[in-house]
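# Summary of the model geometry
Listed here are the chains, written in short residue letters.
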Amino acid sequence: MKTKSISRRDFIGRTAVGTAALALTPLNSLLANPAAGAWPKNARKYNFYMIGHGHIDPVWLWPWTEGVSVVHSTFRSALDRMKETPDVVFTASSAQFYQWVADNDPAMLAEIRQRISEGRWNVVGGWWVEPDMNIPSGEAMARQGLYGQLTLQKLVGKRATVAFNPDSFGHPGTLPQIIHLQGMENYVFMRPDPNEKTIPADLFWWEGPDGTKVLTYRIQHSYNEGGDMKDRVASTLEQVKDRQPMTDFMGFFGIGDHGGGPTKKTIASIESLKTDKGAPTVFYSTVDRYFADVRAKQLTLPVVKDDLQHHAVGCYSAESEIKRNNRRSEAALVTAEKITAVGSLIWNAHYPKEDFTKAWKQVLFLQFHDSLAGSSLAEHSQDAREGHNYALNIAHTATALAVQKLEWQIPAEDPASHYLVAFNPHAWEVKGVFEYTQYQSIAGKAPSLFHTSIPPLGYRQIRNGQGDSQPESTVSAENNRLENEFYRITFAASGEIGIFDKEAGREVFKGGATGCKGVVIDDPSDTWSHEVRDFTKNTTGNYKYTTQGEIGAFGQAKLSILENGPLRGVIRVRSAYGKSDMAIDWLLTAGSRKIEARVSLNWHEHLKMLKFSFPVDVESPEATYEVPYGFIVRQANGEEDPGQRWIDVTGQRGADTCGLTVFNDAKYGYSVQENDLRVTVTRSAPYAHHGPRSLADATKGGAEVVWQDQGIQTFRLLLTPHKGSWKDINVPRIAEEFIAPPVVIYQGIHGGTMPKSNSYLSVDNAPNVIVASVKKAETNNDFILRLVETQGKAASPTLRFPSADFSWRGTLKPGEIKTLRLNPQTGYIKEVNLLEE
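Analysis parameters
- Residues numbered from 1 in each chain as written.
- Predicted model: local features only at pLDDT ≥ 70, side-chain atom pairs only at ≥ 80, totals over all residues.
- Heavy atoms only, no water.
- pLDDT = per-residue confidence, 0-100.
- Contact = heavy atoms within 4.5 Å.
- Axes fitted to C-alpha atoms, helices over the stretch in contact; angles between N-to-C directions.
- Helix = DSSP H or I, 4+ residues; strand = E, 2+ residues; numbered from the N terminus.
- Parallel < 35°, antiparallel > 145°, perpendicular 65-115°, else oblique.
- Left-handed = near helix turned anticlockwise from the far one by under 90°.
- Salt bridge = Lys/Arg side-chain N within 4 Å of Asp/Glu carboxyl O.
- Buried < 20%, exposed > 50% of the residue type's maximum accessible area, 1.4 Å probe, protein only.
- Expected span 1.5 Å × (residues − 1).

## Quick look at the confidence of the model for the chain
The predicted coordinates should not be examined in detail at positions where pLDDT is low. Counting all residues, the mean pLDDT for the chain is 93, and 94% of those residues have values of 70 or more. Here residues 1–36 is a poorly scored stretch, pLDDT under 50, and it has 112 contacts once near neighbours within four places are set aside; other chains count.

As structure tokens, then:
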């Protein structure tokens, strides 16, 4: 198991402790004894492209402000080594790093530009930072490349052709298409390593669900090396032997994590290796040149059609707050862009392009893998909180001002009435019971709930709580039962729920009232959960975690009725475990097949994990997870897996196909053991504790342990039982509506000329297509529209712009991301890539 190499002291939470170094120990070659100068007979057939590199974590065991200094010193050192050794070449990623250099040392940027022109400085990555790949949304990954590549072009006159992310903890199978649409054709990663993921070769074609392929390379051993490269080359030969389809490899050298870059010692070892009789051919080179050379050889390479998992599965759930705020920020910015973009064209709303760009860049920086994964120091949580609040403030302010400007133009003239305006940010009609929560402070002035439909990417005025329609039924809450025309929900004494599906005539959960059980699991693993695949099983590698598995559950439930119809019923369930307690408000609305849960967890446990268990009563279960701009079916084997906003288990119930989809607005870790769907709610690991060193050893001398996820956290769930497949109820659109509900604002009394409802953009004839983004182009006032096929089947959507009187018709392949550029003055629409070109 490879671990990070660091040049500083380790930390537990926020306190420095003198732990042993985590440096990778060079392997003794079984093929040769390099110290004696003996190489295997066939060594000369191998070529090693020596890649000068200095991996930089801009935040990890240090704050981001220190990361700025590390970038500067690492780049300075690399430039100095180039002067000393004329053929040394350096490779660096991350547009944010180049922006810091441009802001603080323009002369250095000019020097870098010169080295780039000489072919001695290789720009890779193309993203704002090297992000976590499992947690950012598909749209956030699109923006990583948009702002990353455009910034690189502006600052150094060159874009990346190689996507580069060696230290991230897993890679979704939808990534090849995103990489390709950002102008990159190659990918470099390291994790998962061969012990974690078996792939046929370290050089392969990685194919996404839409058919896009990128040439992909897995780094052997490490991206960091500050010592003798002779051992690194020999151990690589030992690992690969003749099992690879190629004879060309990359050897990364340079101190990393806290930066550093190539050292004089390492360069000297490479110079010595060049003259070593019988050794492989070694030479300084770039990642770009490596891929160009192997492509020219037209090798027959294997094709991998899968995501690249698993490494550090605890990072799907570590540090709940940063993950919740990430999802909130992504959704808020997308909603704000949609509404202000349309508003700028129709009712002269302000589109704050520069503010949106700054907000996105802040969110993208916080998606750096050690940040969003929750593996940094506790102090970074405060920095992240401030950064996400900055982005949220920009998004919410822009949205409110745009809808307010619209509201002022819609007549609301009866002083005896109470008016609301509800704006739908989606390109399809939404219908249901909606809420204006601000009425709680002015109780009695108007209803807080209303039932209505809202046109596609448009609005509707609500007068006296009356929408355009009313449900034909009501909902009731009494004793331990919540009921509408579709479901009867009951609550066990321990707090679990049962859902009786009236139309199907059966319980959704096996055993009745067994759903949403708060299962507590012993979790002795470190912050990353190294070598863990299933949190109920022990590990046997370097870390040797011994877990007791499930050790308890929340119980001792107390029920109270908060609302009892006619539009909505709400029952609150309070339960407890150990030092922790939890309140879940279960909401059921009239006419709805969706069951919402609003959770407030007050958690005070250590080295324990909380999962919500949903034992779906089906046979032959199939587990489907949302991933960035797509979905994947995985084995229901109990392993911890990453996912985005929803997870589904579908199977057989007799002759029928049925299942359950669970949505959430804050979580990313899941597991499915046969029919038991589980959402990982929280892990109470220490901050930045890296095994295999034990906590007891790490805290000797009085070092403080700072625990994650202590105190109150809130989030929401949505349960949707279904007949047939998740595709039959259009789960992707439900997820969009759940994460980004209509924006509802209060109207004053005034005149106006706008109609009481209107629609500005709709996607028709393709329910499996969503309009994921509407924004203004980065270079002018054209509109950018992003369409995504969400169900794995071809589509022929029609986009309609009623107010502008033009439309677009086209096709999308299964899983395709299609970006359109619209000139709002002429109506001309063309297809572009994720760089809007």
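## Points about the packing of helix H1 (residues 64–84) against helix H3 (residues 106–117)
Their axes nearest at 11 Å, the elements H1 and H3 cross at an angle of 45 degrees. Between H1 and H3, the interaxial angle falls into the category oblique. Crossing of H1 against H3: the hand is left-handed. Residues His72, Phe75, Arg76, Leu79, Met82 and Lys83 of H1 pack against Met108, Glu111, Ile112 and Arg115 of H3.

## With respect to the pattern of salt bridges
Per the counting criterion, the structure on display carries 52 salt bridges. For Lys83, the salt bridge identified is with Glu111, shortest N-O distance 3.7 Å. Residue Lys83 is found in helix H1, and its partner Glu111 is found in helix H3; the two are separated by 28 residues along the sequence. Between Arg232 and Glu225 there is a salt bridge, and its shortest N-O distance comes to 2.8 Å. Taken individually, Arg232 and Glu225 each receive the classification buried, so the pair is uniform in this respect. Connected via shared salt-bridge partners are Glu435, Glu563, Arg568, Glu596, Arg598, Asp665 and Arg716.

## What to know about H1
With 21 residues, H1 should cover 30 Å at 1.5 Å per step; its first-to-last C-alpha distance of 30 Å lies within 8% of that length. All of the buried residues in H1 are Gly67, Val68, Val70, Val71, Thr74, Phe75, Ser77, Ala78, Leu79, Arg81 and Met82. On its buried face, H1 sits against strand E4 (90–92), helix H2 (95–104), H3, strand E5 (121–123) and helix H7 (264–274).

## Focus on unusual backbone geometry
Look at the link from Arg191 to Pro192: it is a cis peptide, with omega at 10 degrees. Within the fold, Pro192 resides in the loop between strand E7 (186–189) and strand E8 (203–207). Of note, the bond from Gln309 into His310 is cis; its omega dihedral lies within 30 degrees of zero at 5 degrees. With respect to the element layout, His310 can be found in the loop between strand E12 (303–304) and helix H9 (320–346). Positive phi, normally seen in glycine, also occurs at Cys516, with a value near 60 degrees. When you line up the elements, Cys516 lands in the loop between strand E21 (506–507) and strand E22 (517–522). Residue class for Cys516 comes out buried when judged on its relative accessible area of 5%. Although it is not a glycine, Leu607 adopts a positive phi angle of roughly 55 degrees. By the secondary structure assignment, Leu607 is in the loop between strand E27 (595–603) and strand E28 (608–615).

## Some details on the environment of Phe434
Relative to the helices and strands, Phe434 is located in strand E14 (residues 430–435). Assessed through its relative accessible area of 13%, Phe434 is described here as buried. Leave out the neighbours within four places in its chain, and Phe434 touches Ser448, Leu449, Phe450, Thr452, Ile454 and Pro742.

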